[in-house]
Amino acid sequence: MTPQRRAIIQILMESDGHHTADDILSKVRALMPDIAHATVYNTLHELTEMGIVTELNLGLGERRYDINTSNHAHLVCLNCARVEDVPYDFDALELAPEHRCGFDIIDQRVIYRGYCPACAAEVNEVT
Ligand SMILES: [Zn+2]
Ligand SMILES: [Zn+2]
């Protein structure tokens, strides 16, 4: 475990996280001011490959990194980009064998998109 990996894992665990790579970069720099941009990106990639971190495309433009690799779904606010982990029964999602087209399925993603309470109130005020 390199110090860079340890620092990134620590940051993700402490800040209940679905951070962008840039968020993580600025937090790592608070601990390791000299760390190169590419090192942070490469380390995130390695941690993803190792299965410690999950890279998420939540439809927010930038990818998010999640240290919670247990099966869970995400609630995403389309206005403020708030992301919440929610439990989900993935057994209910299982694709029937006749619909798998022969694929060996290793993963599935569930994203609920909408507006968080604060943003929903704002949206209702405007309209
Ligand atoms: Zn919101
Ligand atoms: Zn998550």
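Note that the structure is predicted; figures quoted are calculated from it, not measured.

Cut-offs and rules
Every chain is numbered independently, its residues counted from 1 as its sequence is written. In the order they appear in the text, chains get letters beginning with A and ligands get numbers beginning with 1. Only residues with pLDDT of at least 70 are given local features in this predicted model, and only at 80 or more are side-chain atom pairs given and counted; all residues enter the totals for whole chains, interfaces and linings. Here the side-chain values reflect all heavy atoms present in the structure, with hydrogen atoms and water set aside. Metal-coordinating donors are taken as N, O and S atoms lying within 2.8 Å of the metal, or within 3.2 Å when the metal is Na, K or Ca; because water is left out, some sites can appear incomplete. Residue burial is assigned from relative accessible area. The probe radius is 1.4 Å, only protein chains are included, and a residue is buried under 20% of its type maximum, exposed over 50%, and partly exposed in between. Every angle, taken between N-to-C directions, lies between 0 and 180 degrees, and every axis is a line fitted to C-alpha atoms, over only the stretch in contact when it is a helix. Numbered from the N terminus, helices here are DSSP runs of H or I no shorter than four residues, and strands are runs of E no shorter than two. Reported orientations rely on four angle classes, namely roughly parallel under 35 degrees, roughly antiparallel over 145, roughly perpendicular from 65 to 115, and oblique for the rest. Crossings are sorted by hand: turned counterclockwise from the far helix by less than a right angle, the near helix makes the crossing left-handed, and turned clockwise it makes it right-handed. We call two residues contacting when some pair of their heavy atoms lies within 4.5 Å. Each residue is assigned to one class: nonpolar for Ala, Val, Leu, Ile, Met, Phe, Trp, Tyr, Cys and Pro, charged for Asp, Glu, Lys and Arg, and polar for all the others, Gly among them.

Q: A description of the coordination of the zinc ion (ligand 2) should follow, citing residues and the corresponding values.
A: For the zinc ion (ligand 2), the full set of protein donor atoms is His 18 (NE2), Asp 66 (OD), His 72 (NE2), His 74 (NE2) and Asp 85 (OD), at a range of 1.9 to 2.2 Å. Of note, the donors binding the zinc ion (ligand 2) are all from one chain and are spaced H-x47-D-x5-H-x1-H-x10-D. Each of the two residues, His 72 as well as His 74, counts as buried.

Q: Outline the packing of helix α2 (residues 21-31) against helix α3 (residues 37-49), supporting the account with residue identities and numerical values.
A: The contact between α2 and α3 brings their axes to 10 Å, and the two run at 120 degrees. As summarised for this structure, α2 and α3 are arranged oblique, according to the angle between their axes. Like other packed secondary-structure pairs, α2 and α3 cross with a definite hand, here right-handed. Counted together, Ala 21, Asp 22, Ile 24, Leu 25, Val 28 and Arg 29 of α2 and His 37, Val 40, Tyr 41 and Leu 44 of α3 form the full contact between these two elements. Residue composition of the contact of α2 with α3, grouped by class: seven nonpolar, one polar and two charged.

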